[in-house]
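Letter by letter, the chains look like this.
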Amino acid sequence: MNWNAVYWLIAMVVFLVIEAGSVTLVSVWFAVGALTATIAALFGAGLRLQMILFLAVSTVLLLSLRSVVRRYITPHTVKTNIDSIIGTVGVVTAAIDNISATGQVMISGSEWSARSTTGEPLPEGMKVRVDRVEGVKVFVSEAEISVKE
């Protein structure tokens, strides 16, 4: 019985179990390297050649295919434009008062529920800048509008 082949098969199974428990796509390449070393052992290759094949195949696969495979396995997320309104200037259309949980602003033609970032009430008609978005609310602060002469 070829014990080296058995050891390489055990190593391959261990690498596959580790890969099954993670999402990093690292140990699968070592499992393929172990399979290559198993085949080499079955054909009578020495331990030194088996180790070289294991390391070479694992390294080449890891470096050349990891990013390609990850692109196809990683779920595609749909990016929204919600972050594009951060920093945008709008106008308060209903007075903002955090204590009574009221307030609305008009930003780029869309009406948003709004709260004051500082907690200070903001009157209707004031120009405000969007600091952050949380759910369907924007948090705003007074916009510092400078007039160029």
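Residues numbered from 1 in each chain as written. Predicted model: local features only at pLDDT ≥ 70, side-chain atom pairs only at ≥ 80, totals over all residues. Heavy atoms only, no water.

Under the criterion given, the structure shown has 5 aromatic pairs. Here phenylalanine 15 and phenylalanine 30 contribute two aromatic rings whose centre-to-centre distance is 5.7 Å and whose plane-to-plane angle is 35 degrees, an arrangement assigned as tilted. Placement of phenylalanine 15 in helix α1 (residues 3-20) and of phenylalanine 30 in helix α2 (residues 27-42) is noted, with a sequence separation of 15 residues between them. Its relative accessible area of 24% is what places phenylalanine 30 among the partly exposed residues. Note on phenylalanine 30 and phenylalanine 54: the rings are 6.2 Å apart at their centroids and 40 degrees apart in plane angle, and the pair reads as tilted. (Phe/Tyr/Trp six-rings, centres within 6.5 Å; stacked < 30°, edge-to-face > 60°. Helix = DSSP H or I, 4+ residues; strand = E, 2+ residues; numbered from the N terminus. Buried < 20%, exposed > 50% of the residue type's maximum accessible area, 1.4 Å probe, protein only.)

What follows is about the sheet that holds strand β4 (residues 127-134). Strand order around the closed barrel formed by 5 strands is β1-β2-β3-β5-β4, with mixed pairing between neighbours. Strand-to-strand twist across the sheet, computed as the mean angle between neighbouring axes with direction ignored, equals 50 degrees. (Pairing = 2+ DSSP bridges. Axes fitted to C-alpha atoms, helices over the stretch in contact; angles between N-to-C directions.)

Here the focus is the nonpolar core. Counting 13 residues, the largest nonpolar core has Val92, Ile96, Val105, Leu122, Val128, Val138 and Val140 as its most contacted members. Elements with a minimum of two residues in this core: β1 (89-97), β2 (102-107), β3 (110-116), β4 and β5 (137-142). If we ignore the near neighbours within four places in the chain, the residues touching valine 128 are Thr88, Val89, Gly90, Val92, Val105, Leu122, Val140, Ser141, Glu142 and Ala143. Ala5, Trp8, Ala37 and Phe54 belong to the second largest nonpolar core, which has 8 residues in total. (Core = buried A, V, L, I, M, F, W, Y, C linked by side-chain atoms within 4.5 Å. Contact = heavy atoms within 4.5 Å.)

Following the criterion strictly, the structure yields 1 salt bridge and no others. In this structure, glutamate 134 engages arginine 132 in a salt bridge whose closest nitrogen and oxygen atoms are separated by 2.7 Å. (Salt bridge = Lys/Arg side-chain N within 4 Å of Asp/Glu carboxyl O.)

With respect to the element layout, serine 116 can be found in strand β3. Here serine 116 falls in the buried class, since its relative accessible area comes to 2%. A distance of 2.9 Å separates the side chain of serine 116 from the backbone oxygen of glutamate 120, its partner in a polar contact. Every residue in contact with serine 116, bar those within four places of it in the chain, is listed here: Ile96, Asn98, Leu122, Phe139 and Val140. (Polar contact = N/O pair within 3.5 Å; in protein donor to acceptor, adjacent residues only side chain to side chain.)

Quick look at α1 now. When the terminal C-alpha atoms of α1 are compared, their 26 Å separation across 18 residues agrees well with the 26 Å that a helix rising 1.5 Å per residue should span. Between the side-chain oxygen at the start of α1 and the backbone nitrogen of asparagine 4 there is a gap of 3.2 Å, and the oxygen is on asparagine 2. (Expected span 1.5 Å × (residues − 1).)

Geometric values such as these leave the question of function open.
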